[in-house]
Amino acid sequence: MKVVVTASGADLDAPVDPRFGRCSFFVIVDTDTMAFEAVENQAAMAAGGAGVQAAQLVANKGGQAVITGNIGPNAMAGLQAAGVKVYVGAEGTVRKSVELFKEGRLQEATSATASPHSGMGRGRW
Amino acid sequence: MILAVASGKGGTGKTLVATNMASVAGEVQLVDCDAEEPNVHLFIKPIETEGVIPVTLSLPQIDEGKCTHCGRCAEACEYHALMVLGQQVLLFEELCHGCGACSFVCPEGAISERPKEIGRVEVGKRGSLRLIQGVLHVGEPMPSPVIRKAKALIDPSLMAILDAPPGTSCPVVETVKGADFCCLVTEPTPFGLYDLTLAVGMVKKLGIKMGVVLNRADVGDQGVREYLQGEEIPLLAEIPFDPRISEVCSRGGLVVEELPHYRGLFSSILLKVKELSSGG
Ligand code: SF4
Ligand code: SF4
């Protein structure tokens, strides 16, 4: 199964980045083989719609689950429509969070855990 | 000429300055650009309503029968309001700016446009003053199209005074850009100075001439005055701290009508602005 982990670096030992739309990298991991591909998040600094863009990337990459810290309402809606499961509250490294996921120890989110724009450094647009 | 009245934050007396200046300006248009919380009408109370103009955005409408889910529309959308999945296209309405890029790039002609009303512009008259007021519908996130529509109704042969939203965000820039002069209202306190420097930065970037009105000028410190001298920004007027002014404002009254000895002060701001915007 392919899971997409939001990370602050481009490998399995990078820490999980808790922001879904504004993470630095997406690390796409095959849970059976632990083979991975890292993609830099082009939307990390975008003005708006980063969550939607990230959800689109996950769908394009064929991700079946997302592991992250927090997720906003737009991204959640997009991932749900794409049939992607979302696991939140992840901490530690990408490798560790995938292991926890495999053991069924991550919590599945069914609604947004962050408000819109919360991943942005500034206030309103 | 177009004169924008702005401030780095709310509550500095921006609307006080805009409404009272407009009331002594003769034939004038007063445009309330604070579409999220328009309040100029509380002071001006127009008697005749001239009209109400709806403001709409064109949202994309996707014909799933024609759509091949190629993904081009989502790639073209600068605001990331679209998501294309294998079997469907999702539109995130509150992110959509109605720019039309998606329907332009769709190779299948699967995208048509459907109007969505996001606000309205109300026009009214009170004597020689014409009030143009932008009103964004509750829950809508984008005031800028309403502000653009309100500004588009300005008669260029007459003076227009724009009451900007508070702060220095996008809607403020939308209001101030294209103005001939920007009058910034602040207070002589460290907070007032901080917000003023942000507002000055914005106006400078837009390349617009500016001046400052100090409200509650006799309380606080010298920081703002020193800053203005250093930056060579003209101080247009000082409005004293006067409990009667606050009292009149809290009732929705006009200072120039109820405390007529202040008329000269507001007229003098207008005169200075006219002088400064024509010179050099
Ligand atoms: S560009 Fe047109 S055909 Fe392609 S996914 Fe968008 S709506 Fe469908
Ligand atoms: S109209 Fe513009 S902002 Fe709206 S979905 Fe289409 S491309 Fe995006």
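Above this note sits the structure.
What this report covers is the structure whose coordinates are included nearby. Residue numbers restart at each chain and count upward from 1, following the sequence in its written direction. Here every chain gets a letter starting at A, and every ligand a number starting at 1, in the order they are written. Per-residue local features are limited, in this predicted model, to residues with pLDDT of at least 70; the limit for side-chain atom pairs, both in listing and counting, is 80 or more; totals at the level of whole chains, interfaces and linings are taken over all residues. Computation of side-chain values covers all heavy atoms of the structure but excludes hydrogens and water.

**Brief notes about the sheet that holds strand 11 (residues 235–239) of chain B**
Residues and elements named next belong to chain B. Counted only if it meets this: The pairing criterion is simple: DSSP has to find at least two bridges between the two strands. We count a stretch as a helix when DSSP gives it H or I for four or more residues in a row; a strand needs E for two or more, and each element gets its number in order from the N terminus. To define axes, lines are fitted to C-alpha atoms, for helices over the stretch in contact only, and angles between the resulting N-to-C directions are given on a 0 to 180 degree scale. Throughout, a contact is declared for two residues whenever any of their heavy atoms are within 4.5 Å.
An order of 3-6-7-2-8-1-9-10-11 is seen for the 9 strands of this open sheet, with the pairing classed as mixed. The outermost strands of the open sheet, each flanked by one partner alone, are strand 3 (48–62) and strand 11. Within the sheet, the average angular offset between the axes of one strand and its neighbour, ignoring direction, is 20 degrees. As judged from the 4 bridges shared by strand 1 (residues 2–6) and strand 9 (residues 181–186), these two strands associate in the parallel manner. Bridge pairing links Leu 3 to Phe 181 in strand 9. Where helix 8 (residues 223–231) meets the sheet, it contacts strand 9, strand 10 (209–215) and strand 11, and its direction lies at approximately 165 degrees from that of strand 10.

**With respect to the interface of chain B and chain A**
Which entries qualify depends on this criterion: The term buried area refers to how much accessible surface (probe radius 1.4 Å) is lost by two components on association, counted for both of them together.
Taken together, the 18 residues of chain B in the interface contact 15 residues of chain A. Regarding the contact of chain B and chain A, the summed buried area is about 1300 Å², with carbon and sulfur atoms giving 63% of it. It is His80(B), Met83(B) and Phe92(B) that lose the most area in chain B upon contact with chain A, and together they represent 41% of the buried surface on that side. Sorting elements by how many residues they give to the side of chain B that touches chain A places strand 4 (residues 82–84) of chain B first, with 3 residues.

**Regarding the nonpolar core**
Worth spelling out the cut-off: By nonpolar core we mean a set of buried residues, namely Ala, Val, Leu, Ile, Met, Phe, Trp, Tyr and Cys, connected to one another through side-chain atoms within 4.5 Å. Remark: exposure states derive from per-residue accessible area (1.4 Å probe, protein chains only) relative to the maximum for the residue type, with buried under 20%, exposed over 50%, and partly exposed in between. Note that the domain bounds were set by an automatic or database domain assignment.
Counting residues in each nonpolar core, the largest one holds 66 residues, and the members touching the most others are Phe20(A), Ile71(A), Leu79(A), Val176(B), Cys182(B), Leu184(B) and Leu196(B). Among the elements that line this core, the one with the most residues is helix 7 (residues 190–206) of chain B, at 5 residues. The two domains that each donate at least three residues to this core are domain 1 (2–55 + 119–277) and domain 2 (57–117) of chain B. Ignoring anything within four residues of it in the chain, the contact list for Cys182(B) reads Ala4(B), Ala6(B), Val176(B), Val203(B), Ile208(B), Lys209(B), Met210(B) and Gly211(B). In this structure, Leu131(B), Val185(B), Val255(B) and Ile269(B) belong to the second largest nonpolar core, which totals 37 residues.

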